[in-house]
Amino acid sequence: MNTERQLHFSREELLTATDVARILRVQRTTALDYMRRGVVPACKIGRRWYSPRPLLDGHLDRLLAADRQA
């Protein structure tokens, strides 16, 4: 069974660690740590980390929904 799936995002949809930090209202180093550990969806391209906007938005929506149910 092939569990690998390919996702395609435009360059405009890729958020930098600085963008993620601004959205989450944390320091850039904290955002990088979250991206590296998989706390937020992200991928490394070359030496830089990026988070696809649609995946980050979906992740935040799920966290908010879970928080409302608790």
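Model, not experiment: these values are computed from the prediction. (Residues numbered from 1 in each chain as written. Predicted model: local features only at pLDDT ≥ 70, side-chain atom pairs only at ≥ 80, totals over all residues. Heavy atoms only, no water.)

Novice: Quick question: what am I supposed to make of the nonpolar core here?
Specialist: Across soluble globular proteins, you tend to see nonpolar side chains buried next to one another. In terms of nonpolar packing, the biggest core is built from ten residues, these being Leu15, Ala17, Val20, Ala21, Ala31, Leu32, Met35, Val40, Trp49 and Leu56. When near neighbours in sequence (up to four residues on either side) are disregarded, methionine 35 contacts Leu15, Ala17, Val20, Val40, Ala42, Trp49, Tyr50 and Ser51. (Core = buried A, V, L, I, M, F, W, Y, C linked by side-chain atoms within 4.5 Å. Buried < 20%, exposed > 50% of the residue type's maximum accessible area, 1.4 Å probe, protein only. Contact = heavy atoms within 4.5 Å.)

Novice: When you look at the sheet that holds strand 2 (residues 43–45) in this model, what are you seeing that I'm missing?
Specialist: Sheets are built from strands paired through backbone hydrogen bonds, the pairs being either parallel or antiparallel. If you walk across this open sheet you meet the three strands as 1-3-2, and the pairing is antiparallel. One side of each edge strand has no neighbouring strand; the edge strands of this open sheet are strand 1 (14–15) and strand 2. Here strand 2 runs beside strand 3 (residues 48–52); their pairing, made up of three bridges, is antiparallel. In the sheet register, cysteine 43 faces strand 3, and the bridge partner there is tyrosine 50. Across the sheet, helix 2 (residues 28–37) touches strand 1 and strand 3, and the angle it forms with strand 3 is around 75°. (Pairing = 2+ DSSP bridges. Helix = DSSP H or I, 4+ residues; strand = E, 2+ residues; numbered from the N terminus. Axes fitted to C-alpha atoms, helices over the stretch in contact; angles between N-to-C directions.)

So, to be careful, I would describe these as geometric facts and stop short of saying anything about function.
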